[in-house]
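Working through the structure, step by step
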Amino acid sequence: HPNQLYEAGYNLIIFGVLFSLRNKSFREGTLFSGFLIMYAVFRFLTEFLRVDEPRYAGFTISQFFSLIMAVAGMVLWYRQHANKPTNT
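A quick note: this is a predicted structure, and the numbers were derived from the prediction, not measured. (Residues numbered from 1 in each chain as written. Predicted model: local features only at pLDDT ≥ 70, side-chain atom pairs only at ≥ 80, totals over all residues. Heavy atoms only, no water.)

Overview of the packing of aromatic side chains
The tally for this structure, following the rule as stated, stands at eight aromatic pairs. With a centroid separation of 5.8 Å and an interplanar angle of 65 degrees, the aromatic rings of Y10 and Y39 are classed as edge-to-face. Residue Y10 is found in helix α1 (residues 3-20), and its partner Y39 is found in helix α2 (residues 30-46); the two are separated by 29 residues along the sequence. Within the aromatic cluster, the residues linked to one another by ring pairs are Y10, F35, Y39 and F42. Between R22 and the ring centre of F19, over which it is positioned, the NZ or CZ distance is 3.8 Å. (Phe/Tyr/Trp six-rings, centres within 6.5 Å; stacked < 30°, edge-to-face > 60°. Helix = DSSP H or I, 4+ residues; strand = E, 2+ residues; numbered from the N terminus. Lys NZ or Arg CZ within 6 Å of the ring centre and 35° of its normal.)

So, the environment of S25
Relative to the helices and strands, S25 is located in the loop between α1 and α2. Along the chain, S25 and R55 lie 30 residues apart, while their C-alpha atoms are 42 Å from each other.

Right, dumping it as structure tokens:
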């Protein structure tokens, strides 16, 4: 499989999504957490196509790091949206 082309394709998709959302009013860091989650998911999936990579419990090291990145993005997103400002 041409993994480099897949990576270029999903990076363009991520860029398109984030670029289209750039003028919307989000909390600070929302686009960054979205990037972390999208990149981690795409990277995790394309790692299945790589051959001759050492695997541990069926996953490559990059997939483990992708899981960590996705969880970090979700935690960041949750922290940004769970703390809603009060108007008192």
